[in-house]
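The primary structure of each chain is shown beneath.
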Amino acid sequence: MTAAAPAAGPTTAVVRTEGLTKHYGAVRALEQLSVEIGTGVTGLVGANGAGKSTLIKLLLGLVAPTAGRAEVLGHDVVTAGREVRAAVGYLPEHDCLPPDVSASDFVVHLAMMSGLPRVSARERAAEVLRHVGLAEERYRPMGTYSTGMKQKAKLAQALVHDPRLVLLDEPTNGLDPAARDEMLGLVERIGRDFGIAVLVTSHLLGELERVSDHVVVLDGGRLLRASRTDDFLDATGALLVEVLGEDAQRRMGEALASHGLVVRPRRQLLAIDAAHGRPDLHDLVRDVACDLGVGLVRVQADHHRIEDVFGTRGAAS
Amino acid sequence: MTASGTPSRGVIHDLGYRPYQGPRLGEGAIARALVVTGLRNAFGLGRSGKSKVLPFVLLAFNLLPAVVVAGILVFVGLEELPIGYARYASTTQVLLGIFVAAQAPVLFSRDLRHGSITLYLARPLRAGTYALARAGSLLLATLVFLLSPVLILYVVALLGELDVVEQTKDAALAVVLALLLALSLTGVAGLIAACSTRRGFAVVGTIAVLLVGNGLVSAVQSVASFEGADGVGEVAGLFTPYSLYRGLLDAWVEGGGVTPPSGVGMEVAYVLVLVGLSAACLAGLVVRYRRVAGR
Ligand SMILES: Nc1ncnc2c1ncn2[C@@H]1O[C@H](COP(=O)(O)OP(=O)(O)OP(=O)(O)O)[C@@H](O)[C@H]1O
Ligand SMILES: [Mg+2]
């Protein structure tokens, strides 16, 4: 399952930060971030303004940290920014494509801007444009592209110099569901088949949980959580129970609590913290409901949305 | 996944991802590639069809007098060139001004306006190197504009069997003056374009500074000369690239002129201001792009 990672010890870190901090005047964009990111696909999740783009710009050595340090592929981002940028690909969150140039010409040019000789730049550009799925339209001016095609062109330029790490800042931004699935599929292939480490941001955890091996969650510039995606889902995955009947929710909650479970009401539902992993939880819920004589409407695993993570944090602190 | 070996040629299905193992060139080679691409872009090459129209129309008009001179040589013969090498640029300065004003935004505004600057700055090229490479493209484009008529005139002069030594000396002086002028125009137009993401503002601003500024200086110089206050005219000449060029042209090549710099001190001042202006503008460009990078 984790064939790429060494068996013992910490995995070879692609990115390592220690107390990384960035303030813009009074705005604390990133605060004391210490995290390690390995190979494979890592999702970087957080609400608007959480500091995702700030972290990426720090990792590229484009902005200087207020405090702390960061290493990318073994290079310090402050003192060896150029080495970092030579080995990293970047897909920015905002528009960055000149409208009067074709994707083909533009990607060739940017390959050369990463140091590839012209002939290799042509070959590589043709290859990555094929991988991202830009066909004949690659010869058209990019001003005529749909949002989906633009994101593909942006992805192609991030890959053209065969980086060892790509930083993808909201690659699914503005895409319809089909295009988003295609983009996520590409992200997954880059990490698994191309062997390039990926750090991909989104404000939706649900979007990234499918494709990422690890998830890092930021909230207001602080690290909320960093773990394997599986652990993450196990730990936060509460069981949601809906019951029907006279005062059913309160009675059910109290009965479950008396069995040593952590139960919180959430709107018309009860959320049972399943972190401690009782294998018989479903049976227990069914039996308790039966004893109380309340109607059991549904029992389902929680949807792992970013709001739940924040909820966990709020309860813990 | 591709462990089964390299797929044989002619197989259509997905070839899988192949890592790149070839050379990766350093910052110098990357900057050179950027200069060459930028030079092509300044003439609309590698861009849309209609972006080639303006630069080539201007270039054609700029070459017209030189071509006419060549025609006269062929049909009539020449005792001397009807127009000096260095005087040429002063005569066609309006065309030159429009060319520089219109093409500087191609190199300096587009990447800022479309956000593509981010993609450059996320690569090994430093912000300062990017700025200087862009300036290099504009400088070369301006030199193409300035020196191609000089080259035509020189060939005409040699074909017309004029004195080779004298012609070569005059042409060389014109090249030096062209270099000084091109540097300062690049600096001024580049800085204005880099500070304005709107192409229209950059074009109008540059034309205002270059041509309108020069018009004002010329007016002051005429009045000063008429009033017998040549010193005032000489100092006024320090304020725009065109008047600096004209002053040195009058002093070094042709003699005469309205209020040319008198004495070595003033000539040195003219050269220093031209060079200093260029250097200051280039430094401004470097600072400007470092700021952009830090955002
Ligand atoms: N150049 C800047 N100057 C001032 N404040 C900034 C700057 N860049 C970012 N910020 C602030 O830093 C905080 C984090 O911004 P950042 O762009 O990193 O968030 P994000 O997680 O990428 O959000 P989004 O999902 O909206 O892209 C925000 O409050 C933002 O306003
Ligand atoms: Mg962002």
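Residues numbered from 1 in each chain as written. Chains lettered and ligands numbered in written order. Predicted model: local features only at pLDDT ≥ 70, side-chain atom pairs only at ≥ 80, totals over all residues. Heavy atoms only, no water.

1. Let's talk about the overall build of chain B
Next up, step 1: A count of helical and extended segments in chain B gives 12 helices and zero strands.
Next up, step 2: Mapped from its N terminus to its C terminus, chain B presents α and β elements in the order α-α-α-α-α-α-α-α-α-α-α-α.
Next up, step 3: Per-residue burial over chain B gives 48% buried out of 295 residues.
Next up, step 4: Carbon and sulfur atoms make up 68% of the accessible area of chain B, which amounts to about 13,600 Å² in all. (Helix = DSSP H or I, 4+ residues; strand = E, 2+ residues; numbered from the N terminus. Buried < 20%, exposed > 50% of the residue type's maximum accessible area, 1.4 Å probe, protein only. Areas by Shrake-Rupley, 256 points an atom, 1.4 Å probe, with all protein chains shown as cover.)

2. Concerning the site of ligand 1
Residues and elements named next belong to chain A.
Next up, step 1: As a matter of local geometry, ligand 1 sits amid 13 residues, with Gly49, Lys52, Ser53, Thr54 and Glu93 nearest to it.
Next up, step 2: Here an oxygen atom of ligand 1 sits 3.2 Å away from a polar atom, N or O, in the main chain of Ala50.
Next up, step 3: Within the contact set of ligand 1, an oxygen atom lies 2.8 Å away from a side-chain nitrogen or oxygen of Lys52.
Next up, step 4: If ligand 1 stood free it would expose 640 Å²; the protein chains cover 67% of that surface.
Next up, step 5: Broken down by secondary-structure element, the contributors of at least two residues to the shell around ligand 1 are strand S2 (27–37) and helix H1 (52–59).
Next up, step 6: Among the elements that make up the shell around ligand 1, the one with the highest residue count is H1 (three residues). (Near = heavy atom within 4 Å. Polar contact = N/O pair within 3.5 Å; in protein donor to acceptor, adjacent residues only side chain to side chain.)

3. As for the pairing of strand S1 (residues 15–24) of chain A
Residue and element names in this part refer to chain A.
Next up, step 1: As judged from the five bridges shared by S1 and strand S4 (residues 67–72), these two strands associate in the antiparallel manner. When the bridges of S4 are listed, Val15 appears paired with Val72.
Next up, step 2: Two successive antiparallel strands, S1 and S2, enclose a turn made up of two residues, where Gly25 displays a positive phi of approximately 60°. (Pairing = 2+ DSSP bridges.)

4. Focus on the coordination of the magnesium ion (ligand 2)
Next up, step 1: Protein coordination of the magnesium ion (ligand 2) is provided by Ser53 of chain A (OG) and Glu93 of chain A (OE), with donor distances spanning 1.9 to 2.5 Å. Of the two residues, Ser53 of chain A is situated in helix H1 and Glu93 of chain A in the loop between strand S6 (88–91) and helix H3 (103–113); the sequence distance between them amounts to 40 residues. (Donors = N, O, S within 2.8 Å, 3.2 Å for Na, K, Ca; no water.)

5. So, the domain arrangement of chain A
Next up, step 1: The domain architecture assigned to chain A consists of domain 1 (15–232) and domain 2 (235–308).
Next up, step 2: For domain 1 of chain A versus domain 2 of chain A, the distance between C-alpha centres works out to 40 Å. (Domains from an automatic or database assignment.)

6. Focus on the interface of chain A and chain B
Next up, step 1: Residue-level contacts link 40 residues of chain A with 33 residues of chain B.
Next up, step 2: Buried area between chain A and chain B, summed over both chains or domains, comes out near 3,400 Å², and the portion from carbon and sulfur atoms is 55%.
Next up, step 3: Three residues, Arg82, Asp100 and Met113 of chain A, lead the burial of chain A against chain B; their summed loss comes to 18% of the area buried on that side.
Next up, step 4: Summed over the shared surface of chain A and chain B, the number is three salt bridges.
Next up, step 5: Summed over the shared surface of chain A and chain B, the number is 17 residue pairs in polar contact (both at pLDDT 80 or more).
Next up, step 6: At the level of secondary structure, the elements contributing two or more residues to the side of chain A that touches chain B comprise helix H2 (81–87), H3, helix H4 (118–132) and helix H5 (147–159) of chain A.
Next up, step 7: For the side of chain A that touches chain B, a count of residues per class yields 21 nonpolar, eight polar and 11 charged. (Contact = heavy atoms within 4.5 Å. Buried area = accessible area lost by both parts, 1.4 Å probe. Salt bridge = Lys/Arg side-chain N within 4 Å of Asp/Glu carboxyl O. Nonpolar A, V, L, I, M, F, W, Y, C, P; charged D, E, K, R; others polar.)

7. Overview of the pattern of salt bridges
Next up, step 1: Counted by the stated rule, this structure contains 21 salt bridges over all chains.
Next up, step 2: Between Arg192 of chain A and Asp213 of chain A there is a salt bridge, and its shortest N-O distance comes to 2.8 Å. With a gap of 21 residues between them, Arg192 of chain A in helix H6 (residues 177–192) and Asp213 of chain A in the loop between helix H7 (205–209) and strand S9 (214–219) connect regions that are remote in the sequence.
Next up, step 3: Note on Asp213 of chain A: relative accessible area 19%, which makes it buried.
Next up, step 4: Between Glu27 of chain B and Arg126 of chain B there is a salt bridge, with its nearest N and O atoms 2.9 Å apart. Taken together, the residues Glu27 of chain B in helix H1 (residues 27–42) and Arg126 of chain B in the loop between helix H6 (117–121) and helix H7 (127–159) connect sequence positions 99 residues apart.
Next up, step 5: Take Glu27 of chain B: its relative accessible area is 14%, and that puts it in the buried class.
Next up, step 6: Look at Arg126 of chain B and you get partly exposed, because its relative accessible area is 41%.
Next up, step 7: When salt bridges with common partners are traced through the structure, they connect Arg16, Glu18, Glu36, Arg69, Glu71 and Asp76 of chain A into a single cluster.

8. Here's the deal with the sheet that holds strand S3 (residues 41–45) of chain A
Residue and element names in this part refer to chain A.
Next up, step 1: If you walk across this open sheet you meet the six strands as S6-S7-S8-S3-S9-S10, and the pairing is mixed. In the strand order of this sheet, the two ends are held by S6 and strand S10 (222–228), each with one partner. Mean inter-strand twist for the sheet, computed between neighbouring axes without regard to direction, equals 15°.
Next up, step 2: Pairing geometry for S9 and S10, over six bridges, is antiparallel. For His214, the partnering residue across the bridge sits in S10 and is Arg228. (Axes fitted to C-alpha atoms, helices over the stretch in contact; angles between N-to-C directions.)

9. Re the sheet that holds S4 of chain A
The strands making up a sheet are joined through hydrogen bonds of the backbone, oriented either antiparallel or parallel.
Residues and elements named next belong to chain A.
Next up, step 1: An order of S2-S1-S4-S5 is seen for the four strands of this open sheet, with the pairing classed as antiparallel. Edge positions in the sheet fall to S2 and strand S5 (75–76), since each of these pairs with one other strand and no more.
Next up, step 2: Sheet analysis places S4 next to S5, joined by two bridges and oriented antiparallel. Note that in S5 the partner of Glu71 across the bridge is Asp76.
Next up, step 3: Along the sheet, H1 makes contact with S1, S2 and S4, crossing S1 at roughly 115°.

10. A word on the environment of Leu39 of chain B
Residue and element names in this part refer to chain B.
Next up, step 1: You can see Leu39 is positioned in helix H1.
Next up, step 2: Among the residues examined, Leu39 registers a relative accessible area of 23% and is labelled partly exposed.
Next up, step 3: Taking the C-alpha atoms as reference, Leu39 lies 13 Å from Pro105; in sequence the two are 66 residues apart.
Next up, step 4: Among all residues touching Leu39, those that are not within four sequence positions of it are Ser137, Leu140 and Ala141.

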